[in-house]
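A closer look at the structure
These are the residues of each chain, in order.
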Amino acid sequence: MRNKIQFSDADKQTVKEAVQHLEQKTSGELVVYFARDSDGYFQACWKMASLFVAIFLGVIASLSYLWLLPESISILTICLLGIATLIVGFAIPYFITSLRVSFTPDETVFQRVLTKARDIFLQEQVFDTNDRIGILIYISELEHQVQILGDSGINAKIQQEDWDEVLGLVIQGLKNNTPAKGIADAIQRCEELLLSNGFNNIIKPDNELSDEMRIEE
């Protein structure tokens, strides 16, 4: 079982204060969502199980071709060994989550993370802000991936390379084992981007979105 990233009360407060500062200084709204994973990737279990069975059958065929297969091994025994191999091949990635991700194509993993980020964007109603100026910072722990999603009002002015810079700050914090600081630095960069693109503070409803960081358990 992998070690989960934990956030202390002080870490949560650091992120919350960064969000509050951004929303006080700019017209934007920001949500931070920390997910444990974006998918189960259980298809990887069948992929490894198939690989194990293929190797097993290859070994049996080679031994049989070379007349090295013991005569005492019956067809039933081979079938039972094949089933056992299938179960072992399935069980290994089933219980080792990171292995399931490793056996999943990178593009598939990226799309699963992006899809869940978009779902969270809707679930947390990041779109439900004046002038469509909400931002979602979505972090998926298992895949070590981050998605920054801005609503249409913000994306009309802020370019993807700017979001990539924000993303890099979050990732740097995760790599340095200081996730709260990385997230806070990313939020500060979002604030700078908003201000430099004219999203200055205006009279707006208080707390359109909660300032608390959402953390999956």
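Look a little higher up for the structure.
Here's what I pulled together on the structure shown here. (Residues numbered from 1 in each chain as written. Predicted model: local features only at pLDDT ≥ 70, side-chain atom pairs only at ≥ 80, totals over all residues. Heavy atoms only, no water.)

**Things to note about the sheet that holds strand E3 (residues 145-150)**
Strand order in the open sheet formed by 4 strands is E3-E2-E1-E4, and the pairing between neighbours is mixed. This sheet does not close on itself; its edge strands, each paired only once, are E3 and strand E4 (214-215). Of the strands in this sheet, strand E1 (29-35) and E4 are in contact with helix H1 (residues 9-25), which crosses E1 at around 155°. Seen against the sheet, helix H5 (residues 106-123) touches E1, strand E2 (134-140) and E3 and runs at an angle of roughly 45° to E3. (Pairing = 2+ DSSP bridges. Helix = DSSP H or I, 4+ residues; strand = E, 2+ residues; numbered from the N terminus. Contact = heavy atoms within 4.5 Å. Axes fitted to C-alpha atoms, helices over the stretch in contact; angles between N-to-C directions.)

**Quick notes on the pairing of E3**
Counted residue by residue, E3 has 6 buried out of 6 residues, so it is predominantly covered. The alternating pattern of E3 places Gln145, Gln147 and Leu149 and Val146, Ile148 and Gly150 on opposite faces, both of which are buried. As consecutive antiparallel partners, E2 and E3 are separated by 4 residues, and within that stretch His144 has a phi angle of approximately 55°, a positive value. (Buried < 20%, exposed > 50% of the residue type's maximum accessible area, 1.4 Å probe, protein only.)

**Thoughts on the packing of helix H7 (residues 160-175) against helix H8 (residues 179-196)**
Between H7 and H8, whose axes approach to 6 Å, the crossing angle comes to 165°. In terms of their interaxial angle, H7 and H8 are classed as roughly antiparallel. In this structure, the crossing between H7 and H8 has a hand that is right-handed. When H7 is examined against H8, the residues Asp162, Trp163, Glu165, Val166, Leu169, Val170, Gly173 and Leu174 are found in contact with a partner set consisting of Pro179, Gly182, Ile183, Asp185, Ala186, Arg189, Cys190 and Leu193. Classifying every residue of the contact of H7 with H8 gives 10 nonpolar, 2 polar and 4 charged. (Parallel < 35°, antiparallel > 145°, perpendicular 65-115°, else oblique. Left-handed = near helix turned anticlockwise from the far one by under 90°. Nonpolar A, V, L, I, M, F, W, Y, C, P; charged D, E, K, R; others polar.)

**Observations regarding the packing of aromatic side chains**
The tally for this structure, following the rule as stated, stands at 6 aromatic pairs. Both rings, one in Phe7 and one in Phe34, keep their centres 5.0 Å apart while their planes meet at 80°; by these two values the pair is edge-to-face. Separated by 27 residues along the polypeptide, Phe7 in the segment before H1 and Phe34 in strand E1 bring together distant segments of the chain. Measuring from ring centre to ring centre gives 6.0 Å for Phe90 and Tyr94, while their planes differ by 25°; the resulting arrangement is stacked. Separated by 4 residues within a single helix, Phe90 and Tyr94 lie in helix H3 (residues 75-95), roughly one turn from each other. Among the aromatic residues, those joined into a ring-pair cluster are Phe42, Trp46, Phe90, Tyr94 and Phe95. (Phe/Tyr/Trp six-rings, centres within 6.5 Å; stacked < 30°, edge-to-face > 60°.)

**Description of a nonpolar patch on the surface**
A cluster of nonpolar side chains, namely Phe42, Val88, Ile92, Tyr94, Phe95 and Ile96, defines an oily patch on the protein surface of about 570 Å² accessible area. Its place among the elements puts Val88 in helix H3. For Val88, a relative accessible area of 41% translates into the label partly exposed. (Patch = residues over 30% accessible without salt bridge, like charges linked within 9 Å, V, L, I, M, F, W, Y side chains within 5 Å. Areas by Shrake-Rupley, 256 points an atom, 1.4 Å probe, with all protein chains shown as cover. Salt bridge = Lys/Arg side-chain N within 4 Å of Asp/Glu carboxyl O.)

**Thoughts on the environment of Thr104**
Within the secondary structure layout, Thr104 lies in the loop between helix H4 (97-102) and H5. Thr104 gets classed as buried once you look at its relative accessible area, which sits at 3%. Considering only alpha carbons, one finds Thr104 and Cys45, 59 residues apart in sequence, at a separation of 9.8 Å. Setting aside its immediate chain neighbours within four residues, Thr104 contacts Tyr41, Gln43, Ala44 and Val109.

**Overview of the nonpolar core**
Within the largest apolar cluster, 30 residues are counted, with the highest numbers of intra-cluster contacts made by Leu30, Val32, Ile137, Ile183 and Ile187. Contributing elements (two or more residues each) for this core: H1, E1, E2, E3, H7 and H8. Looking at which element gives the most residues to this core, the answer is H8, with 8 residues. The contacts of Ile137, once residues within four sequence positions are left out, are Leu30, Val31, Val32, Tyr33, Gln147, Ile148, Val170, Ala186 and Ile187. Counting 17 residues, the second largest nonpolar core, distinct from the first, contains Val31, Val113, Ala117 and Ile120. (Core = buried A, V, L, I, M, F, W, Y, C linked by side-chain atoms within 4.5 Å.)

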